[in-house]
Amino acid sequence: MSNRIFFYFFVILTISACSESKYAGPLSPRASMSTFQLEEGFKVELFASEPHIMDPVSMVIDETGNVFVVEMPDYPYKPEPGEGKGRIKVLIDEDHDGTIDESVVFAESIAEATSILPWQGGLLVTAAPNILYLKDNDGDFVADQEEILFTGFFENNSEAQITNLRYSIDNWIYAANHGQAGEVVYTRQPDRVPLLMAGGDFRFRLDRNAYELTTGPAQFGQTIDDWGNRFITHNTIHIRQVVMPRPYLDRNPFIPSKKGVENISDHDLEMFQRTPPPYWRAERTRRRQQQYKEQNLDRVEYAEDHFTGSSGGTMYNGDAFPAEYYGAIFTGDVAGNLVHMDLLEKKAGSPLYQAIRSASQQEKEFLSSTDPWFRPANSYFGPDGSLYVIDMYRQHIETPLSIPEDLKEDMDFYNGMNKGRIYRISPSDQQPEEKMFPDLRQQNATDLVKLLAHPNQWWRLQAQRLLVEKQSNEVISELEAMFLNHADPRAKLHAFYTLEGLNVLSIDLIQAALKDQSSAIRMHGIKQAEKCPTCFPSIIACIQDSSDQVVYQAALSLGWFNNEQSRIALSEVLRNKGEDEWFRKAILTSKAGSSIEFVKILNEKPDFYANADTWKLDFMQDLSQIIGARDQQSDMIELLSMMKKNGEAYILSCLQGINQGLEHSKNINSNTSELNSLLAGLESKFGKDIKEQVAEIQNKLVKNSSS
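Structure report, in brief. Source: prediction; values computed, not measured. (Residues numbered from 1 in each chain as written. Predicted model: local features only at pLDDT ≥ 70, side-chain atom pairs only at ≥ 80, totals over all residues. Heavy atoms only, no water.)

Within the chain one finds 21 helices and 28 strands. Whereas a compact globule of 707 residues would reach a radius of gyration of roughly 27 Å, the chain reaches 29 Å, a difference of no more than 12%. Scored against the burial criterion, the 707 residues of the chain give a buried share of 59%. Accessible area for the chain stands at about 28900 Å²; split by element, carbon and sulfur atoms hold 50% of it. In the chain, the 69 positive side-chain charges and the 100 negative ones have mean positions that sit 5 Å from each other. (Helix = DSSP H or I, 4+ residues; strand = E, 2+ residues; numbered from the N terminus. Rg over C-alpha atoms; globule rule 2.2 N^0.38 Å. Buried < 20%, exposed > 50% of the residue type's maximum accessible area, 1.4 Å probe, protein only. Areas by Shrake-Rupley, 256 points an atom, 1.4 Å probe, with all protein chains shown as cover. Lys, Arg positive; Asp, Glu negative; His and termini not counted. Charge placed at Lys NZ, Arg CZ, Asp CG, Glu CD.)

Below, the structure written as structure tokens:
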């Protein structure tokens, strides 16, 4: 009997050991750091760890120097109502040695909290389905005021919820929404029609009670450069640029594509991972590949060395790293246990940037680890110029929804919920400061204006936000002087938008911005000139600018002016920049650039059609699709009549576009005799492809008429 008991006990131990051996155990913070491979010239230090923080996913340092961290112990499961364990903590460095040795729970029992942002002496918090405002009024580091500002965001998947609050230079606060549906209500104005969120991200201004859909979607990670350009993160697409703001995309309901973002990486999914894939991932990939083979599908799934868990993209605009790192974007991959770095270069002839690897990182990452628990979910650069890497530190980070049931049997998705680390990365020769963080609440308005010229963006943005929050009108003249005279365009732009936030941005300053030496300031001058009809001639002049970004913004802004001068200017943009799809799209978003009158302007200079360049055919097809969707048959007749002299390729493109447009037409127009006559003439004169398009159009017209 005793032998049998021993045998069963041995079997249980063996099974347990085999199960445990599939997945490594945790390491201490120091032991985990010993596995790091970091870019030469930098050092990594432990800033905070358990028990002071657990499951960290986001951090901020507010204007008083307080460090706040969001903890998300409920991940990856959604807690029951009222049972959320999420926390926000204040981290304290009592002895000023650069390492956290105390923490205070600022707020607790928060479900799905993922990001925070300082505002009006408190914190804005994304906690789906809400955006909250929390504040400590008595100085004990514990929130005693709570307000739900917005509610109605998607809340059914913690990897795709409202998150990543960012204050931008334009005084808007941006949040990632992953394009999820929702009906958002602003509780301070509850009678407003709910905002439908599907397909976009979110932005708001509490100083003006404004909020709206913005271009996306970002998943977990968005960052904004000195000039207001947004770059967003998705699991497998580690860096995309937001190219077209939502107001331009939305003004033409018939635009063929609502896509406003672009993958700008020149190395796509490639990453250099130092950890082997976990057992479950390797096994799942093996099974899927076997399935693809059996189904004769030409597909490959990768278990490692390819981005699958990108998160927390953060642009470094601090002042401690060497100059060549300014503007670099750092993105963690929680599945690959690494932090990737991209440098940005402007792409010639386009409004796009290109994200490239640095020369020193052609075969390695900025930071990588052999500890499979290292989960760099986010990062943050602070007033000291250091980059803070936020390590959730979990055994498993993948959502259980994507893992086969049998593989989940020996996986504990909460393993590590009592752990978490934040690392501080700085140049190897940087000496620690005794008091690392400031208290800007003690600064007067004049001192805050001076901080708009600080080399570290953290200081500039905090100063701008505080001046706007306080409505510091006593420094208007100082701000105007900074905008007109300062040598640093970053300081000038902060002054420009601080004046905008104070509601005192004058037409004279806008006109000065349109002529500034900095292309970025000219671009923002155009944005503000949209609201100023007397600035219209100056916007037209900008289509001849030497900067592609400025010309692009001019093309977008001209679209608000539906007149002959605007159409002529947009036709020049098309001729000069039309090879780039984003310039073509900028033109087509407007009524002026997608009208039959616009085609007439092109037709007046037949050399445009001398060559059937692919980009020209693409443009005419898209424009024709818009005309078809509008179902204005008189415009279709004029369009096709003009194209008859431009050759078969252009006629075919226009017919294809009209065909596509009629698929989405919601109008009923039965006056088809003249159009049918024109179509019949084209059918008899040209070849098979045109005959097929004509037949399809005629069928749709008949269907519309009968309905």
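On to the sheet that holds strand β6 (residues 102-110). Strand order in the open sheet formed by four strands is β3-β4-β5-β6, and the pairing between neighbours is antiparallel. Of all the strands in the sheet, just β3 (56-61) and β6 have a single pairing partner and so form its edges. Between one strand and the next, the sheet's axes are offset by a mean angle of 20°, whatever the strand orientation. Sheet topology note: the strand β5 (residues 86-92)/β6 ladder contains six bridges and is antiparallel. Bridged to Lys89 within β6 is Val105. (Pairing = 2+ DSSP bridges. Axes fitted to C-alpha atoms, helices over the stretch in contact; angles between N-to-C directions.)

Turning our attention to the packing of helix α8 (residues 476-485) against helix α9 (residues 489-501). The description of two packed helices rests on the angle between their axes and on the distance between the axes. One can describe the packing of α8 onto α9 by two numbers: an axis separation of 8 Å at closest approach and a directional angle of 145°. In the crossing of α8 with α9, the sense of the turn from one axis to the other is left-handed. Packed against α8, whose contacting residues are Ile476, Leu479, Glu480, Met482, Phe483, Leu484 and Asn485, the element α9 presents Ala491, Lys492, Ala495, Phe496, Thr498 and Leu499 at the interface. Across the contact of α8 with α9, the residue classes tally to nine nonpolar, two polar and two charged. (Left-handed = near helix turned anticlockwise from the far one by under 90°. Contact = heavy atoms within 4.5 Å. Nonpolar A, V, L, I, M, F, W, Y, C, P; charged D, E, K, R; others polar.)

All right, on to the environment of Lys527 then. The topology assignment puts Lys527 in helix α11 (residues 519-529). Lys527 gets classed as partly exposed once you look at its relative accessible area, which sits at 25%. It is 25 Å that separates the C-alpha atoms of Lys527 and Lys450, two residues lying 77 residues apart in sequence.

Quick look at the pattern of salt bridges now. Side chains that differ in charge, positive against negative, can pair when their charged atoms come close. Within the structure shown, the criterion is met by 43 salt bridges. Of the charged contacts, one joins Arg424 and Glu45 as a salt bridge, the two residues approaching to 3.4 Å between their closest N and O atoms. In this pair, Arg424 sits in strand β28 (residues 421-427) while Glu45 sits in strand β2 (residues 42-49), placing the two residues 379 residues apart along the sequence. Take Arg424: its relative accessible area is 5%, and that puts it in the buried class. Put simply, Arg441 and Glu469 hold a salt bridge, and the shortest N to O gap is 3.3 Å. Of the two residues, Arg441 is situated in the loop between β28 and α6 (445-451) and Glu469 in helix α7 (residues 457-470); the sequence distance between them amounts to 28 residues. When its relative accessible area of 11% is taken as the criterion, Glu469 is described as buried. Through salt bridges with shared partners, one network takes in Glu63, Arg441, Arg465 and Glu469. (Salt bridge = Lys/Arg side-chain N within 4 Å of Asp/Glu carboxyl O.)

Next up on the list: the nonpolar core. If you look at the biggest cluster of nonpolar residues, it comprises 165 residues, and the most contacted ones within it are Ile88, Phe366, Ile422 and Met643. Beyond its immediate stretch of four places on either side in the chain, Phe366 contacts Gln37, Leu38, Glu39, Phe42, Phe321, Tyr325, Phe330, Val339, Met341, Gln361 and Ile425. Counting residues in each nonpolar core, the second largest holds 25 residues, with Ile162, Leu165, Ala175 and Leu213 among its members. (Core = buried A, V, L, I, M, F, W, Y, C linked by side-chain atoms within 4.5 Å.)

What follows is about helix α18 (residues 633-643). Of all eleven residues in α18, eight are buried, a share of seventy percent or more. Turning to α18, its buried residues number three or more, namely Gln633, Asp635, Met636, Ile637, Leu639, Leu640, Met642 and Met643.

A word on helix α4 (residues 279-294). The terminal C-alpha atoms of α4, which comprises 16 residues, lie 23 Å apart, in line with the 22 Å expected from a rise of 1.5 Å per residue. Three or more residues of α4 are buried, namely Trp280, Arg281, Glu283, Arg284, Thr285 and Tyr292. Contacts from the buried residues of α4 go to α5 (405-408). (Expected span 1.5 Å × (residues − 1).)

This paragraph deals with the pairing of strand β23 (residues 338-346). As paired strands, strand β22 (residues 329-333) and β23 are joined by five bridges and run antiparallel to one another. Pairing of Asp333 across the sheet is with Leu338, part of β23. Taken together, β22 and the strand that follows it, β23, pair antiparallel across an intervening segment of four residues, in which Asn337 is found at a positive phi of about 60°. As defined by bridge partners, β23 adjoins strand β25 (residues 367-368) across two bridges and the pair is classed as antiparallel. In the sheet register, Leu338 faces β25, and the bridge partner there is Ser368. Sheet topology places β23 next to strand β24 (residues 353-356); four bridges connect them, and they run antiparallel. Each bridged residue has a counterpart across the sheet, and for Lys346 the counterpart in β24 is Tyr353. Between β23 and β24, which follow one another and run antiparallel, lie six residues, and Gly349 among them has a positive phi close to 75°.

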